[in-house]
Amino acid sequence: MFQFVYQYSLGTIPKFQMVIETNGYAESWSTNSELNVASINDRFGADYAMVTFFDEYFTNTLVTYCSILINGQGKSVEDIRSYLSSWGMEQYADYIYDISITMPVYYFKYVLGFNELRDLTETCQKTLGKKFDSVTFYEEYLSWGPGTFDLLRERMNNWANAQ
């Protein structure tokens, strides 16, 4: 939600762009923010917070992968149970199967969005080297408003190369 309030306050992003559905963009920001907060958590310790973050990330990735197997390859609940047994998680097969049927690839936006933003961040870090500043990076990223990652990648790479 922060990214939309911030972008609206800029007054430079067209209203239509603010209302288009860009789930991957929105969820990339929220998941990335969770990682950033976890990395500086001092109440429970950063290690605990990071383990908690990656537990959720792993779960989202696993459910996304199973959803692709179910919806893309027609795998059955028994196929998913067999796959999950290699992780010691076969007891979750029915739940993952049901959620994958009722909300196909729902978690994909979280996983893909996060991976895209992390990759974009790393690309800009490599381009800028010691000049990379995360606050400046995120301000630039947010200043473009909601969009597809191919468009954002092009704009952010141009920005990094111009620094």
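Above: the structure in question.
What counts and what doesn't
- Residues numbered from 1 in each chain as written.
- Predicted model: local features only at pLDDT ≥ 70, side-chain atom pairs only at ≥ 80, totals over all residues.
- Heavy atoms only, no water.
- Helix = DSSP H or I, 4+ residues; strand = E, 2+ residues; numbered from the N terminus.
- Buried < 20%, exposed > 50% of the residue type's maximum accessible area, 1.4 Å probe, protein only.
- Contact = heavy atoms within 4.5 Å.
- Polar contact = N/O pair within 3.5 Å; in protein donor to acceptor, adjacent residues only side chain to side chain.
- Expected span 1.5 Å × (residues − 1).
- Arc of directions from axis to C-beta.
- 1 Å grid on protein atoms, 1.4 Å probe; cavity = no way out; pocket = protein on both sides within 12 Å on 5 of 7 lines; lining within 4 Å.
- Points joined across faces, edges and corners; volume = space filled by probe spheres on them.
- Nonpolar A, V, L, I, M, F, W, Y, C, P; charged D, E, K, R; others polar.
- Phe/Tyr/Trp six-rings, centres within 6.5 Å; stacked < 30°, edge-to-face > 60°.
- Core = buried A, V, L, I, M, F, W, Y, C linked by side-chain atoms within 4.5 Å.

Asks: Give a detailed account of the side chain of Asn32, specifying residues and quantitative values.
Replies: Note on placement: Asn32 falls in helix H3 (residues 23-40). Since its relative accessible area comes to 1%, Asn32 is described here as buried. Here Asn32 is in contact with Phe114, Leu117, Arg118 and Tyr138, once residues within four sequence places are set aside.

Asks: Describe the side chain of Thr64, with residues and values.
Replies: Following the sequence through the fold, Thr64 ends up in helix H4 (residues 46-73). Residue class for Thr64 comes out buried when judged on its relative accessible area of 6%. Of note is the side chain of Thr64, whose polar atom sits 3.3 Å from the backbone oxygen of Tyr107. Look past the residues within four positions of Thr64 in its chain and what remains in contact with it is Tyr107, Phe108 and Val111.

Asks: Please set out helix H9 (residues 149-162) residue by residue, giving values where relevant.
Replies: With 14 residues, H9 should reach 20 Å at 1.5 Å per residue; the first-to-last C-alpha distance of 19 Å fits that figure. For H9, the full list of buried residues reads Phe149, Leu152, Met156, Trp159 and Ala160. Buried residues along H9 cover an arc of 95 degrees about the axis, so they all sit on one side. Pointing more than 90 degrees away from the buried face of H9 are the exposed residues Asp150, Asn161 and Ala162. Tucked into the core, H9 has its buried residues touching H3, helix H7 (108-128) and helix H8 (134-143).

Asks: With reference to specific residues and values, describe empty space enclosed by the protein.
Replies: Applying the stated criterion to the full structure yields one cavity of 30 Å³ or more. Each pocket or cavity is described by its volume, and for the largest cavity that value is around 30 Å³. Mapped by element, the contributors of at least two residues to the lining of the largest cavity are H4 and helix H6 (93-102). For the lining of the largest cavity, the leading source of residues is H4, giving three residues. In terms of residue class, the lining of the largest cavity is made up of six nonpolar, three polar and no charged.

Asks: Help me get a handle on H7, residues and values and all.
Replies: Structurally, the α-helix is built with 3.6 residues per turn, so residues lying three or four positions apart point the same way. For H7, spanning 21 residues, the distance from its first C-alpha to its last is 30 Å, which sits close to the expected 30 Å at 1.5 Å a residue. Among the residues of H7, those classed as buried are Lys109, Tyr110, Val111, Gly113, Phe114, Leu117, Leu120, Thr121, Cys124 and Leu128. Each element contacted by the buried residues of H7 is listed here: H3, H4, H8 and H9. Phi for Gly129, located one or two positions after H7, is positive at around 55 degrees.

Asks: Help me get a handle on the packing of aromatic side chains, residues and values and all.
Replies: Tallying each qualifying case throughout the model produces 16 aromatic pairs. Taking the centre distance of 4.9 Å and the plane angle of 85 degrees together, the rings of Phe53 and Phe54 count as edge-to-face. Accessibility expressed as a relative area gives 39% for Phe54, which makes it partly exposed. When the ring of Phe54 is compared with that of Tyr57, the centres are 6.3 Å apart and the planes differ by 90 degrees; the resulting orientation is edge-to-face. With Phe54 and Tyr57 both in helix H4, this residue pair falls three residues apart, about one helical turn. Aromatic rings pair up to connect Trp29, Phe132, Phe137, Tyr138, Tyr141 and Trp159 into one cluster.

Asks: Break down the nonpolar core for me, with residues and values.
Replies: As a rule of thumb, nonpolar side chains are buried together in soluble globular proteins. One finds Trp29, Leu120, Cys124, Phe137, Tyr141, Met156 and Trp159 to be the most contacted residues of the largest nonpolar core, which totals 16 residues. Contributing elements (two or more residues each) for this core: H3, H7, H8 and H9. With five residues, H9 is the largest single contributor of residues to this core. Not counting residues within four places of it along the chain, the set of residues in contact with Met156 comprises Leu120, Cys124, Phe137, Glu140, Tyr141 and Trp144. Leu62, Val63, Met89 and Ile99 belong to the second largest nonpolar core, which has 13 residues in total.

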